[in-house]
Amino acid sequence: MVSLHEDTPRGDDHVLIRIRDLCNRFGEHVVHEHLDLDVYRGEILGIVGGSGSGKSVLLRSIVGLLRPNAGSIDVFGEDLQALSTRRRSLLERRFGVLFQRGALFSSLNLQENVAFPVIEHLGLARAEAEFLARVKLSLVGLPANAALQYPSELSGGMIKRAALARALALDPEVLFLDEPTAGLDPIGAAAFDQLLLTLRNALGLSVFLVTHDLDTLYSTCDRVAVLSQRRVLAADRLEVVEKVDDPWVRDYFHGPRGRAARQHLNSSKVG
C-alpha cells in the first residue's frame, strides 16, 4: 500500500476505523484478501476501484451487514466481531448509512421515513420523532412541503437528500455513502457534493464514501483508497494516488474524465 503523506495524521487518536487482514469470500470467489485500511476522524475518504473490486462489500462489512470470513474491524476502538449483540447494536447507532438507490420505504412519506429510525432505536413518541425528521429534512436542503411527499413523487436528487436526512437521523459520528451521486445530473451531483462538505464541516462527521464520480473525488475527498487485486492498492491524497504505477489507476485518473475533473477543480481554485 502507498504510504500516507507526512501531513496526514497517523496517531491512534485519529483512527476511527481500523481494518486489518480482512477477507471476504462468496463460495470460491474471493473478493478481499489481506485487506488493510484506516479511516481517520473528520476526513472524507473516497473508495474507488473497478467493477467487482468489492467497494460495496467493504462498506457492508464495516456497518455489520456482512460478516467477514477473516480479519478484524475495529471501530471507535472496539472489535466489532467480538462484541455482544446488544453492545454492537449500540455502537452501530453511531453510524449513518446512505444506500445506492436511497432505499426509502415507498409506503411512507419523507417525514415518516426519517422518523422511523428515531422511533425504532430511541423510542421517541411519533410527534417528537416527526418534528426531528423535519429538522433533518431541512438540514439537507429540502423544502418544508417535501416532508409529506412520497418517494415516488420525488426527483432523483430529492431522493438522495431524503436518504441522507434519514442517515443523519440518529446524529451519527461516521457517515457511509454508497454511490450517492449515481444517476444525478451534473448540477445535482455538484450540489450534493457541496452539501456533503458543508455537513462534514458543520457536524464534524467522518465520511466513508464509495463512488466512481471523479468530480466528487476531486471536490470533496481528503484521501482516496483504491481497491485492486483484492486489497487496498493505495490510500493517500489524490495527488499521490493518481501517480501510482498501476494500469487501472492510469486509465481512471488520467483518462478523459479524469483530466476534465482535474481541470474543473483547478479552474474552481483559480476562480
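Above this note sits the structure.
Cut-offs and rules
- Residues numbered from 1 in each chain as written.
- Predicted model: local features only at pLDDT ≥ 70, side-chain atom pairs only at ≥ 80, totals over all residues.
- Heavy atoms only, no water.
- Helix = DSSP H or I, 4+ residues; strand = E, 2+ residues; numbered from the N terminus.
- Buried < 20%, exposed > 50% of the residue type's maximum accessible area, 1.4 Å probe, protein only.
- Areas by Shrake-Rupley, 256 points an atom, 1.4 Å probe, with all protein chains shown as cover.
- Salt bridge = Lys/Arg side-chain N within 4 Å of Asp/Glu carboxyl O.
- Phe/Tyr/Trp six-rings, centres within 6.5 Å; stacked < 30°, edge-to-face > 60°.
- Lys NZ or Arg CZ within 6 Å of the ring centre and 35° of its normal.
- Contact = heavy atoms within 4.5 Å.
- Core = buried A, V, L, I, M, F, W, Y, C linked by side-chain atoms within 4.5 Å.
- Pairing = 2+ DSSP bridges.
- Axes fitted to C-alpha atoms, helices over the stretch in contact; angles between N-to-C directions.
- Parallel < 35°, antiparallel > 145°, perpendicular 65-115°, else oblique.
- Left-handed = near helix turned anticlockwise from the far one by under 90°.
- Nonpolar A, V, L, I, M, F, W, Y, C, P; charged D, E, K, R; others polar.

What follows concerns the overall build of the protein. Check the secondary structure of the protein and you find 10 helices and 10 strands. Out of the 271 residues belonging to the protein, those deemed buried represent 50%. Total accessible area on the protein stands at roughly 13100 Å², and carbon and sulfur atoms take up 51% of it.

Bringing the pattern of salt bridges into the picture now. Applying the stated rule across the entire model yields 13 salt bridges. Among the ionic pairs, Arg88 bridges to Glu92, the shortest N-O distance being 2.8 Å. Pair noted here: Arg88 and Glu92 are both in helix 2 (residues 85-92), with a separation of 4 residues, about one helical turn. With relative accessibility at 24%, the residue Glu92 sits in the partly exposed group. For Glu173, the salt bridge identified is with Arg94, shortest N-O distance 2.6 Å. Linking Glu173 in the loop between helix 5 (156-167) and strand 7 (174-178) with Arg94 in the loop between helix 2 and strand 6 (95-98), this pair joins segments that are 79 residues apart in sequence. One salt-bridge network, in which partners are shared between bridges, spans Arg18, Arg20 and Asp38.

Now for the packing of aromatic side chains. Enumeration according to the criterion identifies 6 aromatic pairs in this entry. Between Trp248 and Tyr252 the ring centres are 4.5 Å apart and the planes differ by 15 degrees, which places this aromatic pair in the stacked class. In this pair, Trp248 and Tyr252 both sit in helix 9 (residues 247-254), 4 residues apart, roughly one turn of the helix. Pairwise contacts between aromatic rings join Phe76, Phe95, Phe176 and Phe208 into one cluster. A cation over a ring is seen here: Arg94 above Phe76, with NZ or CZ 3.7 Å from the ring centre. The ring of Phe105 carries Arg166 above its face, with NZ or CZ at 5.4 Å from the centroid.

Another aspect to go through is the environment of Leu37. Position of Leu37 among the secondary structure elements: in strand 2 (residues 29-40). Classification of Leu37 by relative accessible area gives buried; the value is 2%. Distance in space between the C-alpha atoms of Leu37 and Ala225 is 8.3 Å, their sequence separation being 188 residues. Discounting residues that sit within four places of it in the chain, Leu37 has contacts with Ile17, Arg18, Ile19, Arg20, Leu45, Ile47, Leu58, Phe208, Ala225, Val232 and Ala235.

What follows concerns the nonpolar core. Judged by nonpolar contacts, the single largest core of 50 residues is most densely connected at Leu164, Leu175, Leu217 and Phe253. Element by element, the count of residues in this core is highest for helix 6 (residues 186-203), at 6 residues. Sequence-distant contacts of Leu164, that is, excluding residues within four places in its chain, are made with Leu98, Val140, Leu175, Leu177, Phe192, Leu195 and Leu199. Listed in part, the 28 residues of the second largest apolar core include Leu16, Ile19, Val39 and Leu80.

Turning to the sheet that holds strand 10 (residues 231-236), a few remarks are in order. As summarised here, the arrangement of the 6 strands in space is 6-7-8-3-9-10, forming an open sheet in which the pairing is mixed. Lying at the two open borders of the sheet, with one neighbouring strand each, are strand 6 and strand 10. Neighbouring strand axes in the sheet, compared pairwise and without regard to direction, differ in orientation by 15 degrees on average. Summarising the sheet, strand 6 and strand 7 pair through 4 bridges and their orientation is parallel. Note on strand 7: the bridge partner recorded for Gly96 is Leu175.

For the rest of this paragraph, the subject is the packing of helix 3 (residues 110-122) against helix 5. The geometry of helix 3 relative to helix 5 is characterised by a closest axis approach of 8 Å and an angle of 25 degrees between their N-to-C directions. Taken together, helix 3 and helix 5 sit at an angle that is classed as roughly parallel. Here helix 3 and helix 5 pass one another in a crossing that is right-handed. Across the interface between the two elements, Leu110, Asn113, Val114 and Pro117 from helix 3 touch Ala162, Ala165 and Arg166 from helix 5. Looking at the contact of helix 3 with helix 5 residue by residue, the class counts come to 5 nonpolar, 1 polar and 1 charged.

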